[in-house]
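Architecture at a glance
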Amino acid sequence: QVHLVESGGGSVQAGGSLRLSCANSGSTAISGCMGWFRQAPGKEREGVAGIDYDGSTYYADSVKGRFAISKDDANNVLYLQMNNLEPEDSAMYYCAAGMGGYGGTWSGIYEYNYWGQGTQVTVSS
């Protein structure tokens with residue numbers, strides 16, 4: 001099946017950049033939508049960015065213009081380029097994958113069937 005593993009998190013200064021990666025090490029290739037979510041202590045998990053099987057991308061208003069989601073279909077890898085990071089971006093970041101295209105909204109947790117273990121992003125002032 002699908003097994004997602006995130007990497008690339010760490011501690012950075014405000015204004016810095018990070019690139020997160022999500023690799024599928026399972027036996028089944030991802031053929032549908034993929035996305036990035038984040039969750040800070042005491043807060044609900046929120047959608048950050050999504051990408052459909054055809055390459056269409058979607059972003060939360062809070063990260064538009066700063067983050068970019070992309071994927072490498074040949075290698076089954078999902079990326080999140082994060083620029084001009086702010087302390088408010090600090091959270092555990094999770095990647096997720098669905099088995100089909102988006103049927104509703106990209107930010108709905110119900111759209112995704114598989115989840116990674118998360119990678120921590122900490123942004124200091």
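The preceding data block contains the structure.
Here is a short report on the structure shown in this document. Counting of residues starts from 1 at the beginning of each chain's written sequence and follows it residue by residue. With pLDDT at 70 or above as the cut-off, local features in this predicted model cover only qualifying residues; side-chain atom pairs require 80 or more to be listed or tallied, and sums for whole chains, interfaces and linings still use all residues. Calculation of side-chain values draws on the structure's entire complement of heavy atoms; hydrogens and water are dropped beforehand.

1. Topic: the sheet that holds strand E1 (residues 4–7)
A pair of strands is considered paired only if DSSP assigns at least 2 bridges between the two. Each helix is a run of DSSP H or I of at least 4 residues and each strand a run of E of at least 2, with the numbering of both proceeding from the N terminus. Ordered by their spatial adjacency, 4 strands build an open sheet running E1-E3-E8-E7, and the pairing between neighbours is antiparallel. Both edges of this open sheet fall to E1 and strand E7 (67–72), since each of them pairs with a single strand only. This sheet shows a mean twist of 15° between the axes of neighbouring strands, independent of strand direction. As paired strands, E1 and strand E3 (residues 18–24) are joined by 4 bridges and run antiparallel to one another. Each bridged residue has a counterpart across the sheet, and for Val 5 the counterpart in E3 is Ala 23. To get an axis, fit a line to the C-alpha atoms, keeping to the stretch in contact for a helix; angles then go from 0 to 180 degrees between the N-to-C directions.

2. With respect to the state of the cysteines
Counting rule for disulfides: a pair of cysteine sulfur atoms within 2.5 Å. A full pass over the atoms with the stated rule returns 1 disulfide. Covalently, Cys 22 is tied to Cys 95 through a disulfide, its sulfur atoms 2.0 Å apart. Since a negative S-S torsion denotes a left-handed disulfide, the Cys 22-Cys 95 link at about 50° is right-handed. Here the residue Cys 22 occupies a position in strand E3, and Cys 95 occupies one in strand E9 (residues 91–97), the gap between them amounting to 73 residues.

3. Topic: the packing of aromatic side chains
Put simply, two rings from Phe, Tyr or Trp (the six-membered ring, in Trp's case) pair if the centres are within 6.5 Å, and we call them stacked under 30 degrees between planes, edge-to-face over 60, tilted for the rest. Under the counting rule described, the total for this entry stands at 3 aromatic pairs. Measuring from ring centre to ring centre gives 5.4 Å for Phe 37 and Tyr 112, while their planes differ by 85°; the resulting arrangement is edge-to-face. In this pair, Phe 37 sits in strand E4 (residues 34–39) while Tyr 112 sits in the loop between E9 and strand E10 (114–115), placing the two residues 75 residues apart along the sequence. In terms of burial, Phe 37 and Tyr 112 fall into one category: buried. Clustering of aromatic rings is evident, with ring pairs tying together Phe 37, Tyr 112 and Trp 115. Note on geometry: a ring has a charge over it if NZ (lysine) or CZ (arginine) is within 6 Å of the ring centre and within 35 degrees of the ring normal. When the ring centre of Tyr 94 is taken as origin, the NZ or CZ atom of Arg 45, which lies over that ring, is 4.0 Å away. Directly above the ring of Trp 115 sits Arg 45, whose terminal nitrogen or CZ lies 5.0 Å from the centroid. Each residue is placed in one exposure class: buried if its accessible area under a 1.4 Å probe, protein chains only, is under 20% of its type's maximum, exposed if it is over 50%, and partly exposed if it falls in between.

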